[in-house]
Amino acid sequence: MIRLLTNLFNASKQPTQRVAGHDGETSMNFDSENVRPFLEGLADGTVDPSALVTVDAALQNMGVDETRDVVLNAQTGLQLQIYMDDIAAPDLYFFGSAEVIQYIDQALMAFATAMGL
């Protein structure tokens with residue numbers, strides 16, 4: 001959890017690959033065990049349930065310096081890029097409309113505060 005706070009203000013080693021057609025982007029470093037609780041805590045309809053399974057599988061199988069792209073919600077166009085920055089410490093990059101990204105950015109800050117980070 002301390003890693004989450006530390007990396008919140010540090011630039012990632014991985015440059016983001018902006019996804020075409022998206023107005024906004026936000027990101028944060030996580031400990032792997034906090035990714036699903038964060039995604040499940042987003043408002044209903046933000047993340048498709050099947051995307052959670054895809055994210056879980058990616059996190060379990062990724063090595064350091066690997067990147068995976070996941071569509072979190074095809075209807076809204078919300079996409080996630082996972083970059084495994086360190087062992088069990090992925091950087092999550094969210095791409096989508098400005099409104100959705102603003103909501104996720106606020107949710108990231110609230111999550112960090114709730115976790116005491």
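Before reading further, recall that the structure is shown in the block above.
Keep in mind it's a predicted model, so treat the numbers as computed, not measured.

Asker: Describe the sheet that holds strand β3 (residues 78–86), naming the residues involved and giving the relevant values.
Answerer: Read from one edge to the other, the open sheet built from 4 strands follows the order β1-β4-β3-β2, with strand pairing classed as antiparallel. The open sheet has two free edges, formed respectively by β1 (24–29) and β2 (67–73), since each of these has just one partner strand. With strand direction ignored, the average angle separating the axes of adjacent strands in the sheet is 20°. Across 6 bridges, β2 lies against β3 in antiparallel orientation. Paired with N73 across the strands is L78, a residue of β3. Against the sheet, helix α4 (residues 98–114) engages β1, β3 and β4 (89–96), with an angle of about 20° to β1.

Asker: So what about the pairing of β3? Which residues, and what values?
Answerer: If a strand is regular, its side chains alternate between the two faces of the sheet. In terms of residue burial, β3 counts as a mostly covered element, since 7 of its 9 residues are buried. Counting the residues between successive antiparallel strands, the hairpin from β2 to β3 contains 4 residues, one of them, G77, with a positive phi of roughly 80°. Bridging between β3 and β4 involves 7 bridges; their strand directions are antiparallel. Of the residues in β4, the one forming a bridge with I82 is L92.

Asker: Could you give me a rundown of the environment of D91, with the residues and numbers involved?
Answerer: Here D91 lies in strand β4. Exposure remark for D91: the relative accessible area of 5% places this residue in the buried category. Separated by 62 residues in sequence, D91 and N29 place their C-alpha atoms 4.2 Å apart.

Asker: Please provide a residue-by-residue account of the packing of aromatic side chains, values included.
Answerer: The final tally for this structure, using the stated rule, is 4 aromatic pairs. Here the aromatic rings of F30 and F111 are separated by 5.9 Å at their centres, their planes lie at 35°, and the arrangement is tilted. With F30 in the loop between β1 and α2 (35–41) and F111 in helix α4, this pair connects stretches of sequence that are 81 residues apart. Of the two residues, F30 and F111, neither departs from the other in class, the shared state being buried. Taken together, F30, F38, F94 and F111 form an aromatic cluster joined through their ring pairs.

Asker: Help me get a handle on the pattern of salt bridges, residues and values and all.
Answerer: Scanning the model with the defined rule gives 3 salt bridges in all. Two residues, E40 and R36, come together in a salt bridge whose shortest N-O distance is 2.8 Å. Taken together, the residues span about one helical turn, with E40 and R36 both in helix α2 at a distance of 4 residues. Classification of E40 as partly exposed rests on a relative accessible area of 46%. Judged by relative accessible area, which is 29%, R36 ranks as partly exposed. Measuring nitrogen to oxygen at the nearest pair gives 2.1 Å for the salt bridge that ties R36 to D56. Here R36, found in helix α2, pairs with D56, found in helix α3 (residues 49–61); they are 20 residues apart in sequence, far enough to count as distant. For D56, a relative accessible area of 24% gives the class partly exposed. Look at the salt bridges and you will find they share partners, linking R36, E40 and D56 into a network.

Conventions we followed
- Residues numbered from 1 in each chain as written.
- Predicted model: local features only at pLDDT ≥ 70, side-chain atom pairs only at ≥ 80, totals over all residues.
- Heavy atoms only, no water.
- Pairing = 2+ DSSP bridges.
- Helix = DSSP H or I, 4+ residues; strand = E, 2+ residues; numbered from the N terminus.
- Axes fitted to C-alpha atoms, helices over the stretch in contact; angles between N-to-C directions.
- Contact = heavy atoms within 4.5 Å.
- Buried < 20%, exposed > 50% of the residue type's maximum accessible area, 1.4 Å probe, protein only.
- Phe/Tyr/Trp six-rings, centres within 6.5 Å; stacked < 30°, edge-to-face > 60°.
- Salt bridge = Lys/Arg side-chain N within 4 Å of Asp/Glu carboxyl O.

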